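As a plain string of letters, each chain reads:
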Amino acid sequence: MTSTAGTSYTLIPNQKYRRSNRRSRQRCSASDTDPQSLSTLGYFKTLPLEIFQMVLNYLSVKDISMLSMVSKTISSRLVNYISTPSGNRRLLLKDFHNLELPGKREGSYLLEHYKSLGLLLKRCTLLLPTKDRLKYIHKILAEVSCFKLNGCPSPLNCLGLQCYGVFLQILTAGWDELECHRVFNFLCDLSNLPRKVQMVVSSKPGSARKLELRIRLFCRSVLLNHWIHQSDSAFWLTRILKPWPMVNQARLLYIIFGPVSSLDGHVVWQKMIEGPTDETSLKGLADAIKLLYDTEAKEWTADDVISLVDELSVVPREWLMENNARLLILSGNNICFTYMASKAVNGRAVELARLMVFLTLVCEKDLYCMDWAVKMMLKVCKVFSTPGDRNNFLQYVENVFAHMIMDLLQAVLSGDRDEEESSFLNLFHLVNAQANFHKEILYLTMRSNTNII
C-alpha cells in the first residue's frame, strides 16, 4: 500500500520543559516510562496520559491512524487509548439501524468510519504476529453484537455486518494467503460458521429459513462483497465452499447467491422449479460461477465448476430447463460451451439437444442475438467424434422443437383460460425462436456458399 503521508518531517528542538508535578491517574506501561521511549514521544512527552487521550478526541480516525505511524511508543499509547472506555465509545460507532442520518445518507458515513478504523488497527498492530493481532482486534470488537452472525435481532435493516466487512477488508488488504487462511479460521471459530452451515445443508431446504438468511448475510456482507480484485473474492468464496462435498457446495451456493423474497429476504427454493425466472434471480449465481471458473480461482478446475453447475441445477429438485439455459447464458460463453461439450463427450446427446432448444428460446425471450445460439451449436458439433453422432444430435434438436410445439399446441387447445393464455404465449415464443434460429442457419449457409462460388 502506498503511503499518503508527507515526506517532510519537523525536527523537535532540544529544549527543556518544566515537568508537571501532577500524576497521571492511569498507570503507564513500562515502555512509556523508559527514557528512550519517552524521547520518541516528542512534544507529547510533556503531557500526562489522560491529557494525551483528550487530545485524541479532537482528531479524526484518519488522523489518529497517521499518528500511529510516528513511532512505536506512540502506537503503544494509541493501543491503550483504543482499549479505554472513552476510546471505545469514540471509535466503535453502533448506530447501525439509523440508516438515514442527517447529511449522512444510507450509512455511507458509518462505512467510511469503519474503513478508517480498520486502517488504524492495521497500523497499530503492525508488529504483532497475526494470531495476536486477531486476538486484540476481537477483544476490541467483541462487544458489538451486530458484528456477530446471530447478534442482531433485525439483520435485514442493519449495517453492522457491512461495516464489519469493510473493516476486515481494509485490515487484511495485502496480507498473504496463509495469513488470510488464519483470518478465515478465526472467524469460523468465533461465529461457529461450519456447524451452522452443516445444519442448513443437511436439512430440508427452507426448514431453517432464519439461519439460511443469517448465513447468507454474513458470508456476503463480511467475506465477499467488499473486495476490489476478483482474485480476493475467489479466495474467500473458495474458503466458504471447499470444505464441503459437491452436493453441499451447490446448496450453499444457492443459499448465498440464489433468489430471495422481496418481502422478508428469505431464500426462495421453489423459484427455479415452479416456472421460468428472470435474469435478476440468476445473476448472483451466474457471477459466482464465473468467479470460480476464472483463472484467478486457483483451486478450481473446469471440471469442478461444471460439476457444481450440474449439482446446482437440481437444487432443491430438477430445475426447469429454461432456467438452466438462462443461467448458462448469463455465466458466459466459456462456461456454456464447456458445460455443453461435457454432455456431448459423455454421450448425452438427447439431453444436449433439449438444452440447445431452450437456449434458442431464452435468446428469443430475452432478446439476445440468435446467431449466438447458432455459433454455439456449430462449436459443440465439432466435439462429436463421428459425423454420425453429429447428425444424430442435429436430428434430436429438430425432434425436440417438433415435440415441444405439439405439446404446447395441445395445451392451448385443451387448457382452461389461464393455462391457455400462458401456453399460447409460450407457443408464440417457441415458434418464433425456431424460425429465427433456422433463419440464422440459412444466412450462414448462404454466406458460405457465396464464398465458395
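Computed from a prediction, not measured in an experiment: that's the story for all the values here. (Residues numbered from 1 in each chain as written. Predicted model: local features only at pLDDT ≥ 70, side-chain atom pairs only at ≥ 80, totals over all residues. Heavy atoms only, no water.)

Moving on to the overall build of the protein. Check the secondary structure of the protein and you find 23 helices and 2 strands. For the protein, the residues scored as buried account for 45% of the 453 residues in total. Across the protein, the fraction of contacts at a sequence separation of at least 24, relative to all contacts at a separation of at least 6, is 71%. Put simply, the protein shows about 24,800 Å² of open surface, and 54% of that area lies on carbon and sulfur atoms. (Helix = DSSP H or I, 4+ residues; strand = E, 2+ residues; numbered from the N terminus. Buried < 20%, exposed > 50% of the residue type's maximum accessible area, 1.4 Å probe, protein only. Contact = heavy atoms within 4.5 Å. Areas by Shrake-Rupley, 256 points an atom, 1.4 Å probe, with all protein chains shown as cover.)

Applying the stated criterion across every chain yields a total of 10 aromatic pairs. Geometrically, the ring pair formed by Phe96 and Phe147 is tilted, given 5.6 Å between the ring centres and 45° between the ring planes. You can see Phe96 sitting in the loop between helix H6 (85-91) and strand S1 (100-101) and its partner Phe147 sitting in the loop between helix H8 (130-141) and helix H9 (160-172), a full 51 residues away along the chain. The pair formed by Phe96 and Phe147 is uniform in burial state, with each residue classed as buried. (Phe/Tyr/Trp six-rings, centres within 6.5 Å; stacked < 30°, edge-to-face > 60°.)

This brings us to the state of the cysteines. Throughout the structure, instances matching the rule amount to 0 disulfides. Cys336 carries a free sulfur, and the closest cysteine sulfur to it, the one in Cys363, is 8.9 Å from it. Not part of a disulfide, Cys363 finds its nearest cysteine sulfur in Cys369, a span of 8.4 Å. By relative accessible area, Cys363 is classed as buried at 2%. (Disulfide = S-S within 2.5 Å.)

With that settled, the discussion passes to the environment of Val305. Within the secondary structure, Val305 is located in helix H17 (residues 302-312). Through-space distance from the C-alpha of Val305 to that of Lys290 is 8.9 Å; in sequence the pair is 15 residues apart. Excluding residues within four positions of it along the chain, Val305 makes contact with Ile289, Leu292, Tyr293 and Trp300.

Moving on, we come to the nonpolar core. If you look at the biggest cluster of nonpolar residues, it comprises 135 residues, and the most contacted ones within it are Phe96, Tyr114 and Phe167. Among the elements that make up this core, the one with the highest residue count is helix H20 (residues 349-365) (11 residues). For Tyr114, the contacting residues outside a window of four places in its chain are Leu91, Leu92, Leu93, Phe96, Phe147, Cys163, Val166 and Phe167. (Core = buried A, V, L, I, M, F, W, Y, C linked by side-chain atoms within 4.5 Å.)

Right, let's talk about the confidence of the model for the protein for a bit. Mean pLDDT over the protein stands at 87; residues scoring 70 or higher make up 86%. Between residues 1-32, whose pLDDT stays under 50, and residues either more than four places distant or in other chains, the model counts 27 contacts. (pLDDT = per-residue confidence, 0-100.)

Let us now look at the pattern of salt bridges. If charged atoms from side chains of opposite charge come close, those side chains can pair. For the structure on display, the rule yields 13 salt bridges. Counted as one network, the salt bridges with shared partners bring together Glu322, Arg326, Lys365 and Asp366. (Salt bridge = Lys/Arg side-chain N within 4 Å of Asp/Glu carboxyl O.)

In this section: H8. When the terminal C-alpha atoms of H8 are compared, their 16 Å separation across 12 residues agrees well with the 16 Å that a helix rising 1.5 Å per residue should span. Along H8, the positions that sit buried rather than exposed are Thr130, Arg133, Leu134, Tyr136, Ile137, Ile140 and Leu141. Relative to the axis of H8, the buried residues are bounded by an arc of 165° and lie together on one face. H8 presents Lys131 and Lys139 as exposed residues on the side facing more than 90 degrees away from its buried surface. Lining the buried residues of H8 we find helix H5 (72-83), H6, helix H7 (108-124), H9 and helix H10 (177-191). (Expected span 1.5 Å × (residues − 1). Arc of directions from axis to C-beta.)

So, about the environment of Ser116. Tracing the backbone shows Ser116 in helix H7. Measuring from C-alpha to C-alpha, the distance between Ser116 and Ile170 comes to 8.2 Å, with 54 residues separating the pair along the chain. Those residues in contact with Ser116 that lie beyond four places of it in its chain are Val61 and Lys62.

A few words now on unusual backbone geometry. A cis amide bond links Val315 with the next residue in sequence, Pro316, at an omega value of -5°. Of note, Pro316 is situated in the loop between H17 and helix H18 (321-331). Although it is not a glycine, Asn192 adopts a positive phi angle of roughly 55°. Among the secondary structure elements, Asn192 is positioned in the loop between H10 and helix H11 (193-202). According to the relative accessible area criterion, Asn192 is partly exposed, its value standing at 30%. Here the phi dihedral of Leu367 falls at roughly 65°; this positive angle occurs in a residue that is not glycine. Note on placement: Leu367 falls in the loop between H20 and helix H21 (370-381).

Assignment of secondary structure puts Arg123 in helix H7. Put simply, Arg123 is tucked away with no salt bridge, and the nearest opposite charge, on Asp63, sits 8.9 Å away. The residues contacting Arg123, other than those within four sequence positions of it, are Ser65, Met66, Ser68, Met69 and Ser75. (Lys, Arg positive; Asp, Glu negative; His and termini not counted.)

Right, let's talk about the environment of Met199 for a bit. The topology assignment puts Met199 in helix H11. With 12 residues separating them in the primary sequence, Met199 and Leu211 have C-alpha atoms 8.8 Å apart.

What follows covers a nonpolar patch on the surface. Together, Met406, Leu409 and Leu413 make up an exposed nonpolar region whose accessible area comes to about 320 Å². Considering the arrangement of structural elements, one finds Leu413 in helix H22 (residues 387-414). (Patch = residues over 30% accessible without salt bridge, like charges linked within 9 Å, V, L, I, M, F, W, Y side chains within 5 Å.)

One way to put it is that H17 packs onto helix H19 (residues 333-345) with a least axis distance of 10 Å and a crossing angle of 80°. Compared by their axis directions, H17 and H19 come out roughly perpendicular. Packed against H17, whose contacting residues are Ile306, Val309 and Asp310, the element H19 presents Ile335, Thr338, Tyr339, Ser342 and Lys343 at the interface. Considering only residue class, the contact of H17 with H19 consists of 4 nonpolar, 2 polar and 2 charged. (Axes fitted to C-alpha atoms, helices over the stretch in contact; angles between N-to-C directions. Parallel < 35°, antiparallel > 145°, perpendicular 65-115°, else oblique. Nonpolar A, V, L, I, M, F, W, Y, C, P; charged D, E, K, R; others polar.)

For the rest of this paragraph, the subject is the side chain of His226. Mapped onto the fold, His226 is located in the loop between helix H12 (209-224) and helix H13 (230-241). A polar side-chain atom of His226 sits 2.7 Å from the main-chain carbonyl oxygen of Ser221. (Polar contact = N/O pair within 3.5 Å; in protein donor to acceptor, adjacent residues only side chain to side chain.)

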